[in-house]
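Next come the chains, spelled out residue by residue.
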Amino acid sequence: MSKTEALADRGVSIWLDDLSRERLNSGSLESLIKTRNVVGVTTNPSIFQKAIFAAGPYDSQIKELAMAGADPEEAVRAMTTDDVRAAADIFLPIYEATDGVDGRVSIEVDPRLAHDSENTVTQAIELARLVDRPNVMIKIPATREGLSAITKTLAEGISVNVTSIFSIERYREVIAAFIKGLEEALKAGRDISQIHSVASFFVSRIDSTIDPQLEAIGTDKALALRGKSAVANAQLAWQVFEESFSDEVWEKLAAAGAHKQRPLWASTGVKNPDYPDTLYVDALAYRDCVNTMPEATLEAVADHSDETLYPEASSDAAEIIGHVEKLGISLDKVTDKLETDGVAQFVTAWQSLLDDVAVRLDKVKEEKE
């Protein structure tokens, strides 16, 4: 059994955190499905910015869009939804074989709408219509304003990938928004067995933010905590997941066919070379979770995943976070800033993509003239 097979056999759904026209055209995606047990794909504005910026794969479509008079936003939307639609077709057999649990491809609403609930819902509905595939998931960021958008989108019968979750408190709110969305969908007469959701809990950025603060403190106790906060925070989230889907409210929804909103570990590429490069996969290998990995992390897992790190039932996560906070590091402040910065980074990437496409559209029009 290969390393990725062992991870999948444990109950972890392996998704790839990447998509591009080149990956689709080259057969790379199909290869990763066959050889690396990949059963889904996530995308984000940064991934598309990098993919479409590259010369070559999108040139002919940009030329067609320019000739048709498309503006940058229309062009970007056409290219990204085409890629997601093509990937969704590739994953359709997995979607059907897993009753919709896997075989999913995610596409995110415009990050500039992160604090605009009403327009987020409008665009979520439009994206689902444009992709027009049963296995698409619409990504909505877990900002405060995003919570009501998550509920309303689910109530419309659209599967949602809730993204950019950093704090335990916000995760609880996301689960509440998910359950409320299913309740509203059920009241509207929808088949809630067809509605799926994942909650994308970001991991590595916690260590990237807290570790420098521990190093600045510099004591033996502080230094001993480096590389532990991210996993501990995610393990606490896992405990919330287990607690939240065991009460009477959930049992009624489950009886109507509802599926649990699975935790999805995102940002699992290790930033510090001193840490094992499979740390955020191995230490969070819980049954019924998803881990979306950049290809470098996926290949590291395939080569040398360390099963001895697989989590046991017990965890010292709360103790670790307690020690960190006793040193004067506020996890709430860390996660609040990460949420704000994360949204800003995606907005920057999206605007950069729009600007690049605008230049390329204009160039085609100039050549035509």
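Parameters and conventions
Residues numbered from 1 in each chain as written. Predicted model: local features only at pLDDT ≥ 70, side-chain atom pairs only at ≥ 80, totals over all residues. Heavy atoms only, no water. Buried < 20%, exposed > 50% of the residue type's maximum accessible area, 1.4 Å probe, protein only. Helix = DSSP H or I, 4+ residues; strand = E, 2+ residues; numbered from the N terminus. Pairing = 2+ DSSP bridges. 1 Å grid on protein atoms, 1.4 Å probe; cavity = no way out; pocket = protein on both sides within 12 Å on 5 of 7 lines; lining within 4 Å. Points joined across faces, edges and corners; volume = space filled by probe spheres on them. Axes fitted to C-alpha atoms, helices over the stretch in contact; angles between N-to-C directions. Parallel < 35°, antiparallel > 145°, perpendicular 65-115°, else oblique. Left-handed = near helix turned anticlockwise from the far one by under 90°. Contact = heavy atoms within 4.5 Å. Nonpolar A, V, L, I, M, F, W, Y, C, P; charged D, E, K, R; others polar. Salt bridge = Lys/Arg side-chain N within 4 Å of Asp/Glu carboxyl O. Phe/Tyr/Trp six-rings, centres within 6.5 Å; stacked < 30°, edge-to-face > 60°.

Visitor: Where do I start with the pairing of strand β7 (residues 262-266) in this structure?
Guide: The side chains of a regular strand alternate between both faces of the sheet. Counting buried residues in β7 gives 5 out of 5 residues, a clear majority hidden from the surface. Alternating positions in β7 separate into two faces, Arg262, Leu264 and Ala266 on one and Pro263 and Trp265 on the other, with burial throughout. Pairing of strand β6 (residues 197-202) with β7 involves 5 bridges; the strand directions are parallel. Within the sheet, the bridge partner assigned to Ala199 lies in β7 and is Pro263. One ladder, built from 2 bridges, connects β7 with strand β8 (residues 289-293); its direction is parallel. Across the sheet, residue Trp265 finds its bridge partner in β8, namely Asn291.

Visitor: Is there a simple way to think about the layout of surface pockets in this case?
Guide: Remark: the empty space left among the atoms is shown by a probe the size of a water molecule rolled over them. Here the largest pocket is characterised by a volume of approximately 620 Å³. For the largest pocket, the lining is made up of 36 residues, of which Asp17, Asp18, Asn44, Ile47 and Pro294 are closest to its centre. Those elements that provide at least two residues to the lining of the largest pocket are α2 (21-26), α4 (45-53), β5 (160-165), β6, β7, α15 (295-304) and α17 (331-368). Of all the elements, α4 adds the most residues to the lining of the largest pocket, at 4 residues.

Visitor: Where do I start with the packing of α4 against α17 in this structure?
Guide: The packing of two helices is summarised by the inter-axis angle and the distance between the axes. Look at α4 against α17: their axes get within 8 Å of each other, and the N-to-C directions meet at 25 degrees. Looking at the two axes, α4 sits roughly parallel to α17. Handedness of the crossing formed by α4 with α17: left-handed. Touching Pro45, Ser46, Phe48, Gln49, Ile52 and Phe53 of α4 are Phe346, Ala349, Trp350, Ser352, Leu353, Asp356, Val357 and Arg360, all from α17. When the residues that make up the contact of α4 with α17 are grouped by side-chain class, the tally is 9 nonpolar, 3 polar and 2 charged.

Visitor: I keep staring at the packing of helix α10 (residues 204-217) against α17 and nothing clicks. Help me out?
Guide: Remark: α10 packs on α17, axes separated minimally by 10 Å, with the N-to-C direction vectors making an angle of 125 degrees. Overall, the two elements α10 and α17 adopt an arrangement that is oblique. Where α10 crosses over α17, the two elements pack in a sense that is right-handed. Between α10, through Arg205, Ile206, Thr209, Ile210 and Gln213, and α17, the contact on the second element is made entirely by Leu331, Val334, Thr335, Leu338, Gly342 and Gln345.

Visitor: Please clarify how the pattern of salt bridges should be interpreted in this entry.
Guide: It is possible for side chains bearing opposite charge to pair when their charged atoms get close. Inspection of every chain in the model, using the stated rule, returns 19 salt bridges. When the shortest N-O distance is used, the salt bridge between Arg129 and Glu126 registers 2.5 Å. Of the two residues, Arg129 and Glu126 are both situated in helix α7 (residues 117-131); the distance of 3 residues between them amounts to about one turn of the helix. You can call Arg129 exposed: its relative accessible area is 51%. Taking relative accessible area as the criterion, Glu126 reaches 33% and is therefore assigned partly exposed.

Visitor: I'm lost on the packing of aromatic side chains in this one. Help?
Guide: By convention here, two paired aromatic rings are described through the distance between centres and the angle between planes. All chains considered together, the criterion is met by 9 aromatic pairs. Look at Tyr171 and Phe201: their rings are 5.8 Å apart centre to centre, the planes differ by 75 degrees, and that puts the pair in the edge-to-face class. Here Tyr171 is found in helix α9 (residues 168-187), whereas its partner Phe201 is found in strand β6, with 30 residues between them in sequence. By relative accessible area, which is 1% here, Tyr171 ends up buried. Relative accessible area serves as the criterion here: at 2%, Phe201 is assigned to the buried category. The interplanar angle of 35 degrees and the centroid separation of 6.2 Å between the aromatic rings of Phe178 and Trp250 together place this pair among those described as tilted. In this pair, Phe178 is assigned in helix α9 and Trp250 in helix α13 (residues 248-255), connecting sequence segments 72 residues apart. The burial state of Phe178 is the same as that of Trp250; both residues are buried.

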